[in-house]
Amino acid sequence: MGKEETHQIDAKLKSVGLQRPDILMPRGCDMEKWAVVACDQFTSQPEYWEEAERIVGDAPSALRLILPEYRLSEPDVDAQIQRIEETMERYLRQDIFQTLPAAMLYIERTQSDGAVRHGLVAAIDLERYDYTPGSASLIRATEGTVLERIPPRVRVREDAPIELPHVMLLIDDPKKSCIEPITAVSGRMEKLYDFDLMLGGGHLRGWKLQEEQVEHVANALTALASREAVEEKYHLRGTAPLLFAVGDGNHSLAAAKTCYENLKKVTPKERWADLPARYALVEIVNLHDNALQFDAIHRVVFGVNVEHLLAELKRFYPGSYEGQGEGHCIAYTWAGGRGSITIPHPSSMLPVGTLQNFLDVYVMENGCTVDYIHGSDVVEKLGTQEGNIGFLLPVIGKEQLFQTVIADGVLPRKAFSMGHAADKRYYVEARRIK
């Protein structure tokens, strides 16, 4: 394929907010010791990270290049960040990495349940990403971004010479036109790695896309981003296309955006396009990948007068009533039994949004607390204790995700869970951001 064809492919990728980055790959390393799970996992289980430390020992590892988020509040966090930056520089000097120029990768992740998830690794243009609710950007957050969570992550990234990604972006491709055809031709591509992941993380294989596969991806994504495709899928006219929705790692991506915006303030505008920090490495996964499962996240309210809360819920939504009916039906369980309340004309697309809008106000005014619970059995156990109430929410359908983000701006926080902690992305690839 000639230079002109390559230029056309890159122009198509640029039109959908993507870039083929120079990817740094570890070489000569024990890959099982190199790859570690996303830093925002197991935050309440420091023993997980202690075991990772034991496994890695003195070997080169991505563990030395990330800060597990349970450590963000430790008193020596600044010293830890400095050590990470020094290790990054040392790994670069010691040629721990090899460079794959202008590369996109195809990966297959065997999860802990045996299912195989398929993804593409590329870089996104942060100019095309906006986490503000109601944004019309091509790349958007799915859940509300907690602004206070951004500065600590900015501190980790702002002076780092390289990035390692755990961000997962979703595409809404029910016809499986983009990633799945790559699966069928993986035998034609150069295999880069094939190894087991530590601590029950499953298995990971990765290949470098050839030019014909990159062209296919560029064409497929361009088609998905067209206004015609948006109107066909969502039955909405005049709506700005949403191509990528952040499935995991939104606060890390928001930190990358903040670092880039800070650099723009001290960089002439004509040089913005050349800033390595303008881009962020991500994995792209089809929302309709069979291995990708959504789980509901329920609510339990603690230390509350249940009768008062239920009365206030019905007052908050005039016309709502006990029992099941048309609209959003919200099931609850408490020491006095079970029930449900129907809100006939909800303003939110999803029941979780309807409930959360009420709880945000009620908790602030009444001083009780809310916890977000995986598993209906736990809700039943906690919700039926005196002074508590549990709300059981339905699982979000995959077909609802993009349409809800388009209509409501973002989903309420803790609207859904996407996979277990051990199945989150593991750090393997890296990219220079300075």
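To be clear, the structure that these remarks concern was listed above.
This structure is a prediction, so every number in the text was calculated from the model and none was measured.

Peer 1: Any details on the nonpolar core? Residues and values, ideally.
Peer 2: Burial of nonpolar side chains together is a common tendency in soluble globular proteins. Residues W34, F97 and I162 are the most contacted members of the largest nonpolar core, which totals 51 residues. The element contributing the most residues to this core is helix α4 (residues 77-93), with 6 residues. Those residues within four positions of I162 in sequence are excluded, and the remaining contacts are L24, L65, M88, L92, F97, A430, R431, R432 and I433. Within the second largest apolar cluster, 47 residues are counted, among which are A122, I150, W207 and V246.

Peer 1: Provide a residue-level description of the layout of surface pockets, including the pertinent values.
Peer 2: Of the pockets and cavities examined, the largest pocket occupies roughly 1,200 Å³. Elements that contribute at least two residues to the lining of the largest pocket include exactly β13 (244-248), α9 (250-264), β20 (369-373) and β22 (416-418). Of the voids in this model, the second largest pocket is the one considered here, and its volume is about 240 Å³. D10, K14, L18, Q19 and Y279 are the residues nearest the centre of the second largest pocket, which is lined by 13 residues in total. Contributing elements (two or more residues each) for the lining of the second largest pocket: α1 (3-15) and β1 (18-19). Here the element with the most residues in the lining of the second largest pocket is α1; it accounts for 5 residues. Of the residues belonging to the lining of the second largest pocket, the class tally is 5 nonpolar, 3 polar and 5 charged.

Peer 1: Which residues make up the sheet that holds strand β16 (residues 298-302), and what values do they have?
Peer 2: Whether parallel or antiparallel, the strands of a sheet pair through hydrogen bonds between backbone atoms. Spatially, the 6 strands line up as an open sheet ordered β17-β19-β18-β21-β16-β20, and their pairing is antiparallel. Since the sheet does not close on itself, it has two edges, and those belong to β17 (321-322) and β20, each with one partner. As paired elements, strand β18 (residues 328-334) and strand β19 (residues 337-343) share 7 bridges and run antiparallel to each other. Bridge assignment links H328 to a residue of β19, and that residue is I343. Sheet contacts for helix α10 (residues 306-316): β16, β17, β18, β19 and β21 (389-392); angle to β21, the most-contacted strand, approximately 40°.

Peer 1: How would you summarise the pairing of strand β5 (residues 105-110) if you had to cite specific residues and measurements?
Peer 2: A large share of β5 lies buried, amounting to 5 of its 6 residues. As paired elements, β5 and strand β6 (residues 116-125) share 6 bridges and run antiparallel to each other. In the sheet register, I107 faces β6, and the bridge partner there is G119. Of the strand pairs in this sheet, β5 and strand β12 (residues 203-208) are connected by 6 bridges, and their pairing is antiparallel. Bridge pairing in β12 links E108 to R205.

Peer 1: Hey, could you go over the side chain of S186 for me, with residue numbers and the actual values?
Peer 2: With respect to the secondary-structure elements, S186 resides in the loop between α6 (180-184) and β11 (190-196). Within the structure, the side chain of S186 is placed 3.4 Å from the backbone oxygen of T183, a separation counted as a polar contact.

Peer 1: I'd like to hear about empty space enclosed by the protein, residue by residue, with values.
Peer 2: What the rule picks out here adds up to 4 cavities of 30 Å³ or more. The volume enclosed by the largest cavity comes to roughly 400 Å³. Taken together, 26 residues line the largest cavity, and the ones lying closest to its centre are V156, R157, L164, H166 and S252. Those elements that place two or more of their residues in the lining of the largest cavity are α4, α5 (150-157), β9 (162-163), α9 and β14 (279-286). A total of 4 residues in the lining of the largest cavity trace back to one element, the largest contributor, which is α9. Split into classes, the residues belonging to the lining of the largest cavity amount to 20 nonpolar, 2 polar and 4 charged. In this structure, the second largest cavity spans a volume of roughly 60 Å³. Its residues placed into classes, the lining of the second largest cavity shows 4 nonpolar, no polar and 5 charged.

Peer 1: How would you summarise the environment of Q356 if you had to cite specific residues and measurements?
Peer 2: With respect to the helices and strands, the residue Q356 is situated in helix α11 (residues 351-366). Taking C-alpha positions, Q356 is 52 Å from E4, a pair spaced 352 residues apart along the chain. When near neighbours in sequence (up to four residues on either side) are disregarded, Q356 contacts R299, Y372, P412 and R413. In terms of polar contacts, Q356 uses its side chain to reach the side chain of R299, at 2.9 Å.

Conventions adopted
- Residues numbered from 1 in each chain as written.
- Predicted model: local features only at pLDDT ≥ 70, side-chain atom pairs only at ≥ 80, totals over all residues.
- Heavy atoms only, no water.
- Core = buried A, V, L, I, M, F, W, Y, C linked by side-chain atoms within 4.5 Å.
- Buried < 20%, exposed > 50% of the residue type's maximum accessible area, 1.4 Å probe, protein only.
- Helix = DSSP H or I, 4+ residues; strand = E, 2+ residues; numbered from the N terminus.
- Contact = heavy atoms within 4.5 Å.
- 1 Å grid on protein atoms, 1.4 Å probe; cavity = no way out; pocket = protein on both sides within 12 Å on 5 of 7 lines; lining within 4 Å.
- Points joined across faces, edges and corners; volume = space filled by probe spheres on them.
- Nonpolar A, V, L, I, M, F, W, Y, C, P; charged D, E, K, R; others polar.
- Pairing = 2+ DSSP bridges.
- Axes fitted to C-alpha atoms, helices over the stretch in contact; angles between N-to-C directions.
- Polar contact = N/O pair within 3.5 Å; in protein donor to acceptor, adjacent residues only side chain to side chain.

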